[in-house]
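Chain by chain, the residues run as shown.
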Amino acid sequence: MARSTADSTARSTADFTMPSLGADMEAGTVLEWLVHPGDPVRRGQTIAVIDTAKAAVEIESFVDGVLDDVVVEPGTEVPVGTVIAHIRPAAAAAPAPVAPPQHREEPRATARTAPPPKHEHVTSPLVRKLAHDEHVDLTRVHGTGPGGAITRDDVRQAAHAPSTGGRRAVSPYARRLADELGVDLSRLAPDGPPARAADVRDLARTPGTPTPARPPAPTTTPTTTPDQATARRREAVAALMTRSKQEIPHFYLSATIDLEAATRWLATVNAGRPASTRLVPAALLLKAAARAAREVPHLNGHWVEGAFRAADRVDLGIAVSLRDGTLVAPALRSADELEVDVLMGRLRDLVQRARSGRLHGDEAADPSITVTSLGDLGVDSVLPVIYPPQVAMLGLGTVAPRPCAVDGMLTVRPVVTASLAVDHRASDGHRAAVCLRTMTALLQRPEDL
Amino acid sequence: MREDEARLIVTEALAEVAPDIDVADLDPDEPFQEQADLDSLDLLRVLELIEVRAGVSMPTDGPAVRTISGLTTHLVGTGR
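Residues numbered from 1 in each chain as written. Chains lettered and ligands numbered in written order. Predicted model: local features only at pLDDT ≥ 70, side-chain atom pairs only at ≥ 80, totals over all residues. Heavy atoms only, no water.

Details of the packing of helix α1 (residues 3-17) of chain B against helix α4 (residues 68-78) of chain B
All names here are of chain B.
Part 1: It is at 9 Å that the axes of α1 and α4 come closest, and there the two elements cross at 130 degrees. The pairing of α1 with α4 is recorded here as oblique in orientation. Where α1 crosses over α4, the handedness of that crossing is right-handed. Note on element contacts: α4 touches α1 through Ile-68, Ser-69, Leu-71, Thr-72, Leu-75 and Val-76, opposite Glu-3, Ala-6, Arg-7, Ile-9, Val-10 and Leu-14. (Axes fitted to C-alpha atoms, helices over the stretch in contact; angles between N-to-C directions. Helix = DSSP H or I, 4+ residues; strand = E, 2+ residues; numbered from the N terminus. Parallel < 35°, antiparallel > 145°, perpendicular 65-115°, else oblique. Left-handed = near helix turned anticlockwise from the far one by under 90°. Contact = heavy atoms within 4.5 Å.)

See the structure below:
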């Protein structure tokens, strides 16, 4: 569940609790509060970052109101369900019960293309998108809206201001790199074009002493080193995969799918497009997989308390390898309903944020079926290990030209081997075969996907 | 575009997408996707960064987008 649950009784504040972001999550660590006591919060606004062992996840307020107090400070691990803050609902004068959300939020209207920057003030998704488009670092913008909220005008003004207070402008990526490398950005020369990654690396090579112009220390400090985070993710994967192989009676089947039509269609679509809007074969394969999962609902859901429960949507888990050698599998929500271009944008956004360690709560929640694609590494096929409590997982190999027989003639076609691992408690070979057959058929008409 | 400018744009884009590698260690004449362990989304991101910074359109596939030398040569030939 993306949001924390609320419990409001006769009191005028609602409890904000450590949410469960997956069936296997027992506890979480508050990494950072993005709002402070007294700040207004809006329903759906990201207010904290939680480390779940699998990934850092942004969690959102379930209600409009004011953050009353913070109960759990950054760096503290608490069990799921523990009260971590109190929120005074906007209508606190006449307290209405704040019901726990019965369903997750609706899909976001726009796909973001960059990790949301750390920000001290309230921002809306629109403002963040504008800031991204205008290359404005929100941590440098003074908010003039209610409660210090950054408005779109503030962003526009910052975008056209030559410099901020004599301090050198720094690209968001360079700032992140500076954080990672422990580089003090106040050592940059105050004038010049916006500092880029190369400037940060130069600083990292030359030891320096902090100058008096050093910006104020952040209000939160990192609580885990990158090595510790890697170790924890590895442990989480190890525990889950061990449980999978101990509990789930897997069976496997695979199909080689002709991608001649899909490859031609992609080439036509991509010709003339800038790289920012091009499609990769994976986008088509994922869309076809999501549609197939919808049509074979017995593979799309969870094994809970000895029985299969079909999911009401296709939340397609995407196994994303991180550059530290570990793995996360966030969800593309309602992937079967996304246009291919939208799915591609969401995929890029999701993978980029997974790799920069900042997922949204609803993405970290349990997918209904997961896909792993090792197509960029030249493997023929992969037989996946199912993520419990899911009941199936699809593995995709490399899209490559192979000899094959078409209409009685030997020819060369681009093909991919799709392999399905299925929980035999929940489903049988016939249904799994129908799923692969459906995916194959869908990929012969890529324009309809 | 001068070759040194082109190479800087290419290497900065690669360094940004794969911050854990030293681009100077990559063989400029061998495919960088394998050397830097980039997937197809990473590759798109590299091309996108180059397109934005150099103001040119990059091919969807082929030798010009596989090696550092190929990318650099393409920029020298077409970049403003």
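After that view, the rundown keeps rolling.
Comments concerning the confidence of the model for chain A
Residues shown with low pLDDT carry predicted positions that ought not to be read at fine detail.
Residue and element names in this part refer to chain A.
Part 1: With 75% of its residues at a pLDDT of 70 or more, chain A has an overall mean of 80.
Part 2: In this model, residues 1-10 is a region of pLDDT below 50 whose contacts with residues beyond four sequence positions or in other chains number 45 contacts.
Part 3: Long-range and interchain partners of residues 209-222, a stretch whose pLDDT sits below 50, account for 14 contacts in this model, where long-range means more than four residues apart. (pLDDT = per-residue confidence, 0-100.)

Comments concerning the pattern of salt bridges
Part 1: Here the structure, examined in full by the defined rule, presents 30 salt bridges over all chains.
Part 2: Note that Glu32(A) is salt-bridged to Arg358(A), the shortest N-O span being 3.2 Å. Taken as a pair, Glu32(A) in strand β2 (residues 27-33) and Arg358(A) in the loop between α8 (340-356) and β16 (359-360) lie far apart in primary sequence, 326 residues in all.
Part 3: By relative accessible area, which is 12% here, Glu32(A) ends up buried.
Part 4: In this structure, Asp4(B) and Arg2(B) form a salt bridge, with 3.0 Å as the shortest nitrogen-oxygen distance.
Part 5: Each of Asp258(A), Glu260(A), Arg264(A) and Arg413(A) takes part in one network of salt bridges that share partners. (Salt bridge = Lys/Arg side-chain N within 4 Å of Asp/Glu carboxyl O. Buried < 20%, exposed > 50% of the residue type's maximum accessible area, 1.4 Å probe, protein only.)

Observations regarding helix α7 (residues 281-295) of chain A
Part 1: Across its 15 residues, α7(A) extends 21 Å between first and last C-alpha, which sits within 8% of the 21 Å expected from 1.5 Å per residue.
Part 2: Burial runs high along α7(A): eleven of the 15 residues are buried. (Expected span 1.5 Å × (residues − 1).)

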